[in-house]
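Coordinate analysis (summary)
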Amino acid sequence: MSWLESKLQHRGQFSLGVRTAPVEPEINLIPFIDVLLVVLIFLMISTTFTRYQELAITLPTANGAASQSEVKQIHIAVSRDGRFAINGKVTDRSQLSNSLHVLNEDNAVQVNIDADAKAPHQAVMSALEAARDANLANIVFSSQTTKK
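One structure accompanies this document, and this report is about it. Quick caveat, the model's predicted, so the values are computed rather than measured. (Residues numbered from 1 in each chain as written. Predicted model: local features only at pLDDT ≥ 70, side-chain atom pairs only at ≥ 80, totals over all residues. Heavy atoms only, no water.)

A short note on the side chain of S126
Rules: Note on conventions: DSSP H or I runs of at least 4 residues are helices, E runs of at least 2 residues are strands, and numbering of each starts at the N terminus. Buried, partly exposed and exposed residues are distinguished by accessible area as a fraction of the type maximum, computed with a 1.4 Å probe on protein chains only: under 20%, between the cut-offs, and over 50%, respectively. Between two residues, a contact is recorded if the distance between any of their heavy atoms is within 4.5 Å.
One can find S126 in helix 4 (residues 121–133). Classification of S126 as buried rests on a relative accessible area of 8%. Other than its neighbours up to four places away in sequence, S126 contacts F84, R93 and L96.

In structure tokens form, the structure reads like this:
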């Protein structure tokens, strides 16, 4: 009996190499850890941290009565989207200073800036600059009282 025939009888099949046991599947953790570290680094970089205010500021409150004296007033309204109106008439930003200068007959004029609570800060600053350019110094900001 030859060598080949003895191998075939012993195993019951034709094989040229040593038969090994089936390999158990295993989870490779190295790529998994690499991916988790990349996600962690991304989250650390993209997270915004809360910055606490460095100065504790308590804003003043006022319970004053309305002024009884009759003063000529100019009302500048600043809308939520940054548009301006002087005494109810819509005005462009470029014409704001000229319109205030025309309305300033004497220096006893009071300017009331009625700005929306969500108006852009730049729009309110533009109204202040226009009042300064028209030599108006008596400027008041309108507000509303909170309901109790």
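That covers the picture; the talk isn't over yet.
Quick notes on the pattern of salt bridges
In plain terms, the rule: A pairing counts as a salt bridge when a side-chain nitrogen of Lys or Arg comes within 4 Å of a carboxyl oxygen of Asp or Glu.
Scanning all chains against the criterion turns up four salt bridges. The salt bridge partner of D81 is R83, with a shortest N-O separation of 3.1 Å. The same class applies to D81 and to R83, which are both exposed.

Brief notes about unusual backbone geometry
Phi is mostly negative for residues that are not glycine, and the peptide bonds are mostly trans. In this structure, N87 takes a positive phi of about 50 degrees despite not being glycine. Among the residues examined, N87 registers a relative accessible area of 42% and is labelled partly exposed. Its identity is not glycine, yet N135 carries a phi of approximately 60 degrees, on the positive side. Of note, N135 is situated in the loop between helix 4 and strand 5 (138–141). Under the relative-accessibility criterion, N135 is labelled exposed at 56%.

Focus: the nonpolar core
Here is the rule we go by: The criterion is simple. A nonpolar core is a set of buried Ala, Val, Leu, Ile, Met, Phe, Trp, Tyr and Cys residues joined through side-chain atoms within 4.5 Å.
Grouped together as the largest cluster of nonpolar side chains are 17 residues, with contacts concentrated most on I76, V78, F84, L96, L100, A127 and L136. At the level of elements, strand 1 (72–78), strand 2 (84–86), helix 3 (93–103), strand 4 (109–115) and helix 4 are the ones that each hand at least two residues to this core. If one sorts the elements of this core by residue count, helix 4 sits on top with four residues. Those residues in contact with V78, other than ones at most four positions away along the chain, are R83, F84, I113, D114, A115, D116, A119, A123 and A127.

Points about the sheet that holds strand 4
Worth spelling out the cut-off: In this analysis, strands are considered paired if DSSP registers two or more bridges between them. The axes used here are C-alpha line fits, helices contributing only the stretch in contact, and every angle between their N-to-C directions lies in the interval 0 to 180 degrees.
Spatial strand order, 3-2-1-4-5: five strands in an open sheet with mixed pairing. Both outer strands of the open sheet, strand 3 (89–91) and strand 5, are each paired with one neighbouring strand and no more. Neighbouring strand axes in the sheet, compared pairwise and without regard to direction, differ in orientation by 30 degrees on average. As paired strands, strand 1 and strand 2 are joined by three bridges and run antiparallel to one another. Note that in strand 2 the partner of A77 across the bridge is A85. Docked against the sheet, helix 3 engages strand 1, strand 2, strand 3 and strand 4, running at close to 15 degrees with respect to strand 2. Each of strand 1, strand 2, strand 4 and strand 5 is contacted by helix 4, which is oriented at about 160 degrees to strand 5, the strand it contacts most.

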